[in-house]
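As a plain string of letters, each chain reads:
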Amino acid sequence: MTPAQSYSATEPRMAAVIDGKALARTIGEDTARQAAALHERTGVLPTLAVVLVGEDPASQVYVRRKVKETKAAGMRSIEHRLDASIGEDELLALIASLNADPFVHGILVQLPLPRQIDATRVLDAIDPTKDVDGFHPVNVGRLSTGIGGLVPCTPLGCMRLLDTVVRDYRGLNAVVIGKSNIVGKPVAMLLLERECTVTVTHIATKGLPDIVRTADIVVAAAGSPRLVRGEWVKPGAVVIDVGITRVMDEDGKERLVGDCAFDELGHAAAVTPVPGGVGPMTIACLLANTVQAAKRAAALG
Ligand code: GUN
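Residues numbered from 1 in each chain as written. Predicted model: local features only at pLDDT ≥ 70, side-chain atom pairs only at ≥ 80, totals over all residues. Heavy atoms only, no water.

1. So, the confidence of the model for the protein
When pLDDT is averaged across the protein, the result is 95; 96% of the residues are at 70 or more. Across residues 1-11, where pLDDT falls below 50, the model places 23 contacts with residues more than four positions away in sequence or in other chains. (pLDDT = per-residue confidence, 0-100. Contact = heavy atoms within 4.5 Å.)

2. Looking at the packing of aromatic side chains
According to the stated counting rule, one finds 0 aromatic pairs in the structure shown. Its guanidinium or amino end placed over the ring of Tyr 169, Arg 194 lies 4.8 Å from that ring's centre, counting from NZ or CZ. (Phe/Tyr/Trp six-rings, centres within 6.5 Å; stacked < 30°, edge-to-face > 60°. Lys NZ or Arg CZ within 6 Å of the ring centre and 35° of its normal.)

3. Remarks on the nonpolar core
Grouped together as the largest cluster of nonpolar side chains are 32 residues, with contacts concentrated most on Leu 162, Tyr 169, Leu 191, Ile 217, Val 219, Ile 240 and Val 242. Counting residues per element, the ones that place at least two in this core are α1 (20-42), α6 (153-163), β5 (173-177), α7 (184-193), β7 (217-220), β8 (238-241) and α9 (279-299). Other than its neighbours up to four places away in sequence, Leu 162 contacts Tyr 169, Leu 191, Ile 217, Val 238 and Ile 240. By size, the runner-up hydrophobic cluster in this structure holds 19 residues, among which are Val 51, Val 104, Val 122 and Leu 123. (Core = buried A, V, L, I, M, F, W, Y, C linked by side-chain atoms within 4.5 Å. Buried < 20%, exposed > 50% of the residue type's maximum accessible area, 1.4 Å probe, protein only. Helix = DSSP H or I, 4+ residues; strand = E, 2+ residues; numbered from the N terminus.)

4. Brief notes about the site of the ligand
Leu 108, Val 109, Gln 110, Leu 111, Asp 133 and Phe 135 make up every residue found near the ligand. The backbone of Val 109 places a nitrogen or oxygen atom 2.8 Å from a nitrogen atom of the ligand. Contact with the protein chains hides 80% of the accessible area of the ligand, taken as 280 Å² for the molecule alone. A per-class count over the shell around the ligand returns 4 nonpolar, 1 polar and 1 charged. (Near = heavy atom within 4 Å. Polar contact = N/O pair within 3.5 Å; in protein donor to acceptor, adjacent residues only side chain to side chain. Areas by Shrake-Rupley, 256 points an atom, 1.4 Å probe, with all protein chains shown as cover. Nonpolar A, V, L, I, M, F, W, Y, C, P; charged D, E, K, R; others polar.)

5. Description of the sheet that holds strand β2 (residues 47-53)
The 3 strands are arranged β3-β2-β4 in an open sheet whose pairing can be described as parallel. The open sheet is flanked by β3 (76-82) and β4 (106-109), the only strands paired with a single partner. In this sheet, neighbouring strand axes are inclined to one another by 15° on average, regardless of whether the strands run parallel or antiparallel. Those strands touched by helix α2 (residues 57-72) are β2, β3 and β4, and its axis lies near 160° from that of β3. Here helix α3 (residues 88-100) sits on the sheet in contact with β2, β3 and β4, set at roughly 180° to β2. (Pairing = 2+ DSSP bridges. Axes fitted to C-alpha atoms, helices over the stretch in contact; angles between N-to-C directions.)

Next comes the structure, spelled out in structure tokens:
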């Protein structure tokens, strides 16, 4: 697909809304089938261990959802909830025991961690074959050299959403807004792997609107509500909105807002909504990664 060429300026068009909820459901059903088949064939029940340190309310919500959906997919969920005052050594000892446990296939340490804990040391301590978040340097290196491994869940979700509307990525201009290790950098690597021409922008980028105007694909992951305006987006572009910020509207009601001005994107070829776009895909891809890790463990006996 070449989105820019498919647009005629005289022809008003409605952007397709990519339904992340529906796609996540489909992926979830497929993952559940794979988990059941693996269990039946080998006796291995894909198991995800989630570690939550402290009482960050958003993290608690995310972890609750991850646990619930793991169980709903017929997989085993293990939860470790640790006090916010825990020492780094204690957390590292827990990771070591999960690494050594043959019945655990995926380990996820919910971020952010309390200040006294060095998150890099903790993530580096996770066995790369169980690193279902794809944050370990071995998996980051594998992604950047294009040799497989476990890929971070939100970027994977972005690609699955893009795959529903983009058939041929070769030579398309992709602009990624945000250079985080969790989304911006890995999604840029995945787009590069598909032979897009990738530009990664960030807080210090000059002339962002003009850069975005060159994009056939926009991935917005800046965490800045309604940063990307309609006039920045080329007609026929595909827009993936990773941002999700809680804001108060005029009536004092809380609302979730993306990084893109969704209502101004009617001239795009396709856009993801917030909520209901990228959000549901992250957990779906986490469970898919866990089954991938469990299959690998089963194959190695
Ligand atoms: N905190 C916010 N997003 C994530 C994520 O994708 N993985 C983990 N482990 N923590 C997070």
